[in-house]
Protein chains: 4
Amino acid sequence: MADVTRTGVSIEPGLLEKFDRFIAKRGYKNRSEALRDLIRESLITEDIEQNRPVAATLSMIYDHHRHDLSNKLNQIQHHSHENVLAATHVHLDHDNCLEVVILKGRSGDVKQLADHMLSMRGVKHGKLVITSTGRGL
Amino acid sequence: MADVTRTGVSIEPGLLEKFDRFIAKRGYKNRSEALRDLIRESLITEDIEQNRPVAATLSMIYDHHRHDLSNKLNQIQHHSHENVLAATHVHLDHDNCLEVVILKGRSGDVKQLADHMLSMRGVKHGKLVITSTGRGL
Amino acid sequence: MADVTRTGVSIEPGLLEKFDRFIAKRGYKNRSEALRDLIRESLITEDIEQNRPVAATLSMIYDHHRHDLSNKLNQIQHHSHENVLAATHVHLDHDNCLEVVILKGRSGDVKQLADHMLSMRGVKHGKLVITSTGRGL
Amino acid sequence: MADVTRTGVSIEPGLLEKFDRFIAKRGYKNRSEALRDLIRESLITEDIEQNRPVAATLSMIYDHHRHDLSNKLNQIQHHSHENVLAATHVHLDHDNCLEVVILKGRSGDVKQLADHMLSMRGVKHGKLVITSTGRGL
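Residue numbers restart at each chain and count upward from 1, following the sequence in its written direction. Chains and ligands are labelled sequentially in the order written, the chains with letters from A and the ligands with numbers from 1. Local features are withheld for residues below a pLDDT of 70 in this predicted model, meaning they are given only at 70 or higher, and side-chain atom pairs are given and counted only at 80 or more; totals for whole chains, interfaces and linings count all residues. Only hydrogens and water are removed before side-chain values are computed, so all heavy atoms of the structure are retained for them.

Draft legend 1. Spotlight on the relation of the copies chain C and chain B. Here the copies were fitted onto each other by least squares, based on C-alpha atoms from residues at pLDDT of at least 70 in both. In screw terms, the move from chain C to chain B is a rotation of 180° and a rise of 0.0 Å along the axis, fitting with an RMSD of 0.0 Å. Accordingly, the operation relating the two chain copies is best matched by a two-fold axis. Contact between two residues is taken to exist if any of their heavy atoms lie within 4.5 Å; hydrogens are not considered. Same-surface contact between copies: 98% of interface residues of chain C are shared with the interface of chain B.

This is the structure we're talking about:
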């Protein structure tokens, strides 16, 4: 952060005190960092709504005994290789795996690809998290 | 706001520009107001998790032809009158009503009362929104 | 519900048991009602994304001492009277009001109108809940 | 799924039709799979609220030029090694990385560990997704 501006915010003293206690509990070292995080969070909502380029993480729980499922998930990911950056696989217990797929692309494409995998039989649960590509944040 | 403090925030110029465009689109007149809203929003999440006193709004869609439903909803609300402040009823079309119930109390109690009404047969859809009592915000 | 179909669902016995315990806690009298609610919830998400007609509830906390705010909120609502069905006002304490505005229209219009009111100085917190018009649910 | 029960659901024909169109668009091959997914989703919300064991994925965007940040994130993860299963690192562009950390443990512990990393200076954005360990789903 070689290059920062300093801007002033008017705020009621009671509200500021409550916020300082809140961010200390969350582990923030200073107020500016916490405020920048709130700002970035609000901007990402906008990126998603506007179908802009995003990075995303799809987490899926499935039973690896399910015939051919990991194979099919693999094929889908290869087919959309331009949107799939990486996949990590974790063995949670004897039956269950957690597979985490990192995606990049327009928010609409990323959602569609995630829906495709989540709707497969044997995928017990999954969640897509859309975040930013980091550009301009 | 007779009484305000002025605090400084360090922020990358590019991020600040993006935020200014974003809040202008949302209708904000100035940056401080937008930042205060982000701060208040983060504090309310905390109130809910900690089972503190909150205000809340329960919106329910139901078919008023459904035998005795509005009667039962009414009884439940009277039974919990210490948590129910008001109810507004709107006729959406020939069949469907929207009933909005304003609630106050600990977040846990408010959630339980909402679950009770939402689980009733004939309530097609509903959502509970928890906000603040406004104190200290 | 004069007219219902009966459809079968295949489900692992352990999962069904867990679900039955869960819905009992939520107050559901039977499984069909709980499943219909899950189905309706998923359909409403679709209505919102597709800019279809929706009903919505905007809950706002504000300080009524704030000069002219309730007046301005009133004017905005009159200006958009085709989207505003009703408003309920509750006095939470000496300073704070909760105003709940019931809206109807395309999800995009409803969001914009809500943003306009939420961005006003003096509105401490607010939340928009979008639900269905009830048609076809 | 060697072992399944068949249960009946009563549902209005119009609602069922809408649901069938909805799930076809999402890519589901059959109604049972879609309903099981809705059921699992509702159960996971319960696991999180009750501080039960969960699996989770933390996605963070940060600038790897930021002095020592990846080092500090690494230390935090090692310190909580009993909750950290794996981490994947992706280079989004010249400046920005996406790091995805897979976590396991009680939902409260997992949230606290995520807050700790998200509050660090240089972490631009992040999101925690809590899912299930897959047991009993």
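Draft legend 2. Spatial organisation of the nonpolar core. With 30 residues, the main nonpolar core has F19, L35 and I39 of chain A together with F19, L35 and I39 of chain B as its most contacted residues. In contact with I39 of chain A, other than residues within four places in its own chain, are I11, L15, F19, L35 and L38 of chain B. Here, nonpolar core means buried Ala, Val, Leu, Ile, Met, Phe, Trp, Tyr and Cys residues that are tied together by side-chain atoms lying within 4.5 Å of each other. Buried, partly exposed and exposed residues are distinguished by accessible area as a fraction of the type maximum, computed with a 1.4 Å probe on protein chains only: under 20%, between the cut-offs, and over 50%, respectively. Residues L15 and I44 of chain C together with L15 and L43 of chain D belong to the second largest nonpolar core, which totals 29 residues.

Draft legend 3. Representation of the sheet that holds strand β3 (residues 84-91) of chain B within the structure. Residues and elements named next belong to chain B. When DSSP locates at least two bridges between a pair of strands, those strands are taken to pair. Helix and strand definitions follow DSSP, with helices as H or I runs of at least four residues and strands as E runs of at least two, each counted in order from the N terminus. Pairing is antiparallel in the open sheet, where 4 strands are placed in the order β3-β4-β2-β5. The sheet is open, and its two edges are formed by β3 and β5 (123-131), each paired on a single side. Here the strands of the sheet are splayed against their neighbours by 15° on average, with no regard to which way each runs. Pairing analysis gives 11 bridges linking strand β2 (residues 53-63) to strand β4 (residues 96-106), with the strands arranged antiparallel. Looking at β4, one finds that M60 is bridged to E99. As a rule, the C-alpha atoms of each element are fitted with a line to give its axis, helices using only the stretch in contact, and angles between N-to-C directions run from 0 to 180 degrees.

Draft legend 4. Structural view of the sheet that holds strand β3 (residues 84-91) of chain C. Residues and elements named next belong to chain C. If you trace the 4 strands from one edge of the open sheet to the other, you get β3-β4-β2-β5, paired in antiparallel fashion. The open sheet has two edge strands with one neighbour each: β3 and β5 (123-131). Strand-to-strand twist of the sheet, defined as the mean angle between neighbouring strand axes without regard to direction, takes the value 15°. The sheet contacts of helix α3 (residues 69-79) involve β2 (53-63), β3, β4 (96-106) and β5, and relative to β2 the element is tilted by about 170°.

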